[in-house]
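In case you want the letters, here they are:
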Amino acid sequence: MDLGATLSSTSRQLPIDDTVRLAREARDAGLHSAWFGQSFAYDSPSLAAIVGREVPGLQVGTAAIPVFGRHPLVVSAQAQTAQAATGGRYHLGLALGTRHLTETAFGLPYERPIGLLREFLTALRPLLETGRADFHGELLTATTPYSASVPGAEPPVPVLVAAMGPQALRVSGELADGVLPFLAGPRALAEHIVPAVNAAAEAAGRPAPRVVALVPGVVTSDADAVREASAEALALYEKIPSYRRVIELSGAERAADLALIGDEETVAEGVRRYREAGATEVVFTATEVNGEEDRRRTWKLLGELSASSSASSSSSSPSSSSSSSS
């Protein structure tokens, strides 16, 4: 299983040089990927492009850009530029956003979000794959008078959606490459998210989507302090209906109940539960909540788990088996 961490979020913005330094540390610790939230500050695809170009070998992604207030042509240009800059290591995450932020910040009515997501993905995919689009929907139009391809943006940028509700999962299974659930525990993944998105993809004749679970987590010797800090940091999500629903589906009362907090054995066991629930990748968030020492300790464990998983996969592959028996 591939493991990564978020380097920036809506509540944590660092100078670019510090972000690049952290990205190098993440790569050197053995992490597979680094992810960047989209706020009203940094442009996340640009930040991912800079980091990915400065830190070879590290996968970079955005989690996630709201579709309200954006247009597929603009997002395609950003994503393809990041893909070309990183040599094919960029992953685009999209989201529905929230009614409050959409209507307050953009002055746009938060109407028909699932319809907009479907039309956005329908217009975006050919742009990323061919540099062309000729889409005329009810909610948006996207046409290309001339090519929108970016040289070197190969392979086509993978698109993931921060989907957790039934309708968003259905659209994502049909049109996206994967999903980015946050605060969805193993129970919600296994019983609701993974079956729904897989069924939609199968019905559309597409391969099983990636399930990149974003999970708050810290390896620490002071679990009580970290739980208290996590409860404060995550409390706002308990007021957002989509998150409230998935927290309850996970069998938890509070968002912080879903954080993986404790020693190496405790956190490693938590990662295993996500893998068994159907997560194809796990990305830790808020690893810095109790300071740099615990963050480094957390990243060290994630690197070790990632290396162990890669070694297990290699040893169980057909080529490895035939080599060992010859």
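Keep in mind that this is a model prediction, so the values were computed, not measured.

(A) Main features of the nonpolar core. Leu92, Leu94, Leu183 and Leu189 are the most contacted members of the largest nonpolar core, which totals 91 residues. Considering every element that reaches this core, the biggest residue donor is helix α5 (residues 113-130), with 7 residues. When sequence neighbours within four positions are dropped, the list of residues in contact with leucine 92 reads Thr62, Ile65, Val75, Ala79, Leu124, Val157, Pro158, Val159 and Leu160. Val218, Val226, Ala259 and Ile261 belong to the second-largest nonpolar core, a separate cluster that totals 5 residues.

(B) Representation of the packing of aromatic side chains. By the definition in use, this model includes 5 aromatic pairs. Each ring, one from phenylalanine 182 and one from tyrosine 237, has its centre 5.2 Å from the other, and the planes form 80°; the classification is edge-to-face. Here the residue phenylalanine 182 occupies a position in the loop between β9 (178-179) and α7 (186-203), and tyrosine 237 occupies one in the loop between α8 (223-234) and α9 (241-249), the gap between them amounting to 55 residues. Tyrosine 237 shares its class with phenylalanine 182; the two are buried. Aromatic side chains tyrosine 237 and tyrosine 243 sit 5.0 Å apart centroid to centroid with 70° between the ring planes, which places their arrangement in the edge-to-face category. There is no split in this pair, since tyrosine 237 and tyrosine 243 are both buried. It is arginine 295 that lies over the ring of tryptophan 299; its NZ or CZ is 4.4 Å from the centre.

(C) Examining the side chain of arginine 125 more closely. Residue placement: arginine 125 occurs in helix α5. Arginine 125 sits in the buried class, given a relative accessible area of 17%. What arginine 125 contacts, discounting residues up to four positions off in sequence, is Val159, Leu175, Ala176, Asp177 and Arg206.

(D) Summary view of the pattern of salt bridges. Counted by the stated rule, this structure contains 20 salt bridges. With a shortest N-O distance of 3.2 Å, glutamate 103 and arginine 99 are connected by a salt bridge. Taken together, the residues glutamate 103 and arginine 99, both in helix α4 (residues 99-106) and 4 residues apart, mark about one turn of the helix. For glutamate 103, a relative accessible area of 36% puts it in the partly exposed group. With a relative accessible area of 47%, arginine 99 lands in the partly exposed category. Between arginine 118 and glutamate 174 there is a salt bridge whose closest N-O contact spans 2.8 Å. With arginine 118 in helix α5 and glutamate 174 in helix α6 (residues 166-175), this pair connects stretches of sequence that are 56 residues apart.

(E) Fine view of the packing of α7 against helix α10 (residues 264-277). Direction vectors running N to C along α7 and α10 enclose 10°, while the axes themselves pass 8 Å from each other. What the angle tells us is that α7 and α10 run roughly parallel. Seen from α7, the contacting residues are Pro186, Leu189, Ala190 and Val194; seen from α10, they are Arg273, Tyr274 and Ala277. For the contact of α7 with α10, the class distribution of residues is 6 nonpolar, no polar and 1 charged.

(F) Local environment of the environment of phenylalanine 284. Mapped onto the elements, phenylalanine 284 comes out in strand β12 (residues 281-285). Taking C-alpha positions, phenylalanine 284 is 5.5 Å from proline 216, a pair spaced 68 residues apart along the chain. Those residues in contact with phenylalanine 284 that sit more than four places away from it in its chain are Gly4, Ala5, Thr6, Val215, Gly217, Val218, Leu260, Val267, Val271, Thr298 and Leu302.

(G) Structural detail: the pairing of strand β10 (residues 210-219). Most of β10 sits inside the fold, with 10 of its 10 residues counted as buried. Side-chain alternation along β10 places Arg210, Val212, Leu214, Pro216 and Val218 on one buried face and Val211, Ala213, Val215, Gly217 and Val219 on a second face that is also buried. One ladder, built from 2 bridges, connects β9 with β10; its direction is parallel. Within the sheet, the bridge partner assigned to glycine 178 lies in β10 and is arginine 210. Since β9 and β10 lie parallel, the crossover through α7 that links them has a hand, and here it is right-handed. Bridge count between β10 and β12: 5 bridges; the pairing is parallel. Directly across from valine 212, in β12, lies its bridge partner glutamate 281. Across 3 bridges, the pairing between β10 and strand β11 (residues 260-262) is parallel. Bridge assignment links valine 218 to a residue of β11, and that residue is isoleucine 261.

Reading the values: rules and limits
Residues numbered from 1 in each chain as written. Predicted model: local features only at pLDDT ≥ 70, side-chain atom pairs only at ≥ 80, totals over all residues. Heavy atoms only, no water. Core = buried A, V, L, I, M, F, W, Y, C linked by side-chain atoms within 4.5 Å. Buried < 20%, exposed > 50% of the residue type's maximum accessible area, 1.4 Å probe, protein only. Helix = DSSP H or I, 4+ residues; strand = E, 2+ residues; numbered from the N terminus. Contact = heavy atoms within 4.5 Å. Phe/Tyr/Trp six-rings, centres within 6.5 Å; stacked < 30°, edge-to-face > 60°. Lys NZ or Arg CZ within 6 Å of the ring centre and 35° of its normal. Salt bridge = Lys/Arg side-chain N within 4 Å of Asp/Glu carboxyl O. Axes fitted to C-alpha atoms, helices over the stretch in contact; angles between N-to-C directions. Parallel < 35°, antiparallel > 145°, perpendicular 65-115°, else oblique. Nonpolar A, V, L, I, M, F, W, Y, C, P; charged D, E, K, R; others polar. Pairing = 2+ DSSP bridges. Right-handed = clockwise from strand over helix to strand, strands pointing away.

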